[in-house]
Amino acid sequence: NGRALLKPAQEHSEAVTRGNSVSEGAGTVPHGRGAHHEAGAYHAHVMFGLNDHVPPTAVRQGDDNRMYSMQSWDEDKPPLAKSEAMQKMLKNNTGVTGIVSGIINNCPADKRDALKEKMMSHVAMSIVLNHNDAHMGNVLLSNDGTDVAFIDNTTTGGTGLEGHKNSVFQSMHQSGMHTKIPDKLNERFSKTTFKDMQRGMGEHYKDWQVGQSFLRMRFAQTLQARDGKLNYEFFRPTTSTPHGH
C-alpha cells in the first residue's frame, strides 16, 4: 500500500573499521555506500530472475542531501522471530532439527519444494555478492509459513570468499541438508557474462565489486560441478558468533 522503509547509507561501525567484525569480508565493503548496495542487491537478484527474493529497493536523496535506500514494506512478511508461522512452529516443536529445515518441513507440502529452492538460491546469491550480514534476523517469513524474503544488504560487495555470513547455509548444513545452486538459477548463471552483470548491477556497485561477484559466481559453479553440491566445508561461511568458523 505504498509503504516503504527509508534507510540511510550507513558508515561501518567501529568494529568493522578495526577489523573486529564477525564477518571477515565486511571490512572491505566500501564505506558510505550502503544505500547503493541495498538497491544493487535487489537489481542483482532481478537480473537472475529472483524477482521476489529481495523487496523492491531504490536509492533516494533526502532533504539533508544524504543518500537513502527506500525498500518496499510487506506487512505479511515480518522478521523471522515475529512471524506467526515461526511462533507456531516453536510452540508445537514440530520438525525442528534446525531453523531452516523446520521452516521447510512446516510449510504446506505443495509449496515446500519452491520454498526450499528459494532458500538455496539465497545461499548461492550470498556467496556471489559476498553478503556479510546474511543472518537469520534478516530473513522475513510470511505469516502462513509459505514464503520468505531477504533484507539488509548493506554489507554486500566485499572482497574474498569466506567473509560472507550465510546463516541459512549454516543451518541447512547442520541439519544434514545438501545445498546446491538450483538448476534454473545455475542455468542463468551459465548464460550471464561480465557485461551482463555490469548492466544489471553496475549502477550501484563499483566495477571491481561486479568483477569479484562474477568470479565468485563462476567459482561456485565450478565447485558444484565437481562436488555435486555447494560444499559447506569448502566455503566455510562465517558464523553468527565471534568465535571463528
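Relevant structure appears above.
Scope of this entry: the structure provided in the associated data block.

### Considering the overall build of the protein chain
Inference 1: A tally of helices and strands in the protein chain yields 10 helices and 5 strands.
Inference 2: Considering the protein chain as a whole, with its 245 residues, one finds that 51% of them fall into the buried category.
Inference 3: Residue pairs in contact within the protein chain that sit at least 24 positions apart in sequence constitute 72% of those at least 6 positions apart.
Inference 4: For the protein chain, the computed accessible surface area is about 11900 Å², with 49% contributed by carbon and sulfur atoms.

### A short note on the nonpolar core
Inference 1: Counting 45 residues, the largest nonpolar core has F48, M119, F189 and M197 as its most contacted members.
Inference 2: Ranked by residue count, the leading element in this core is helix 5 (residues 109-128), at 8 residues.
Inference 3: In this view, M119 contacts V100, I103, I104, V148, F150, V168 and M172; residues no more than four positions away in its chain are not counted.

### Comments concerning the packing of aromatic side chains
Inference 1: Under the counting rule described, the total for this entry stands at 4 aromatic pairs.
Inference 2: When the centroid spacing of 5.1 Å and the interplanar angle of 90° are considered together, the rings of F169 and Y232 count as edge-to-face. With F169 in helix 6 (residues 167-174) and Y232 in helix 10 (residues 232-235), the pair connects residues that are 63 residues apart, well separated along the chain.
Inference 3: The exposure class of F169 is buried, given its relative accessible area of 1%.
Inference 4: A relative accessible area of 13% means that Y232 is categorised as buried.

### What about the environment of A58?
Inference 1: Mapped onto the elements of the fold, A58 is located in strand 2 (residues 57-61).
Inference 2: A58 sits in the partly exposed class, given a relative accessible area of 21%.
Inference 3: C-alpha of A58 to C-alpha of M70: the two residues are 12 residues apart in sequence and 5.3 Å apart in space.
Inference 4: With sequence-adjacent residues up to four places away left out, A58 is seen in contact with A39, Y68, S69 and M70.

### Points about the side chain of R33
Inference 1: Along the chain, R33 turns up in the loop between helix 1 (14-18) and helix 2 (34-47).
Inference 2: With near-sequence residues (within four places) excluded, R33 lies in contact with H204, Y205 and K206.

### Here's the deal with the sheet that holds strand 2
Inference 1: Read across the sheet, 3 strands follow the order 1-3-2 without closing on themselves; strand pairing throughout is antiparallel. Each edge of the open sheet carries a strand with a single partner, namely strand 1 (4-8) and strand 2. Between one strand axis and the next, the sheet turns through 30° on average, direction left out of account.
Inference 2: Here helix 2 sits on the sheet in contact with strand 1, strand 2 and strand 3 (67-72), set at roughly 150° to strand 2.

### Focus: the pattern of salt bridges
Inference 1: As enumerated under the stated definition, the model contains 12 salt bridges in all.
Inference 2: The salt bridge partner of K77 is D147, with a shortest N-O separation of 3.4 Å. Of the two residues, K77 is situated in the loop between strand 3 and helix 3 (84-92) and D147 in the loop between strand 4 (139-141) and strand 5 (148-150); the sequence distance between them amounts to 70 residues. Comparing K77 with D147, the two get one shared label, buried.
Inference 3: Sharing partners across several salt bridges, the network here consists of D52, D74, K77, K118 and D147.

### Notes on unusual backbone geometry
Inference 1: Positive phi outside glycine occurs at N65, with the angle close to 70°.
Inference 2: Structurally, the position occupied by N65 is in the loop between strand 2 and strand 3.
Inference 3: Judged by relative accessible area, N65 falls into the exposed class, the value being 58%.
Inference 4: The residue N166 is not glycine, and still its phi comes out positive at about 55°.
Inference 5: Along the chain, N166 turns up in the loop between strand 5 and helix 6.
Inference 6: When its relative accessible area of 0% is taken as the criterion, N166 is described as buried.

Analysis parameters
- Residues numbered from 1 in each chain as written.
- Predicted model: local features only at pLDDT ≥ 70, side-chain atom pairs only at ≥ 80, totals over all residues.
- Heavy atoms only, no water.
- Helix = DSSP H or I, 4+ residues; strand = E, 2+ residues; numbered from the N terminus.
- Buried < 20%, exposed > 50% of the residue type's maximum accessible area, 1.4 Å probe, protein only.
- Contact = heavy atoms within 4.5 Å.
- Areas by Shrake-Rupley, 256 points an atom, 1.4 Å probe, with all protein chains shown as cover.
- Core = buried A, V, L, I, M, F, W, Y, C linked by side-chain atoms within 4.5 Å.
- Phe/Tyr/Trp six-rings, centres within 6.5 Å; stacked < 30°, edge-to-face > 60°.
- Pairing = 2+ DSSP bridges.
- Axes fitted to C-alpha atoms, helices over the stretch in contact; angles between N-to-C directions.
- Salt bridge = Lys/Arg side-chain N within 4 Å of Asp/Glu carboxyl O.

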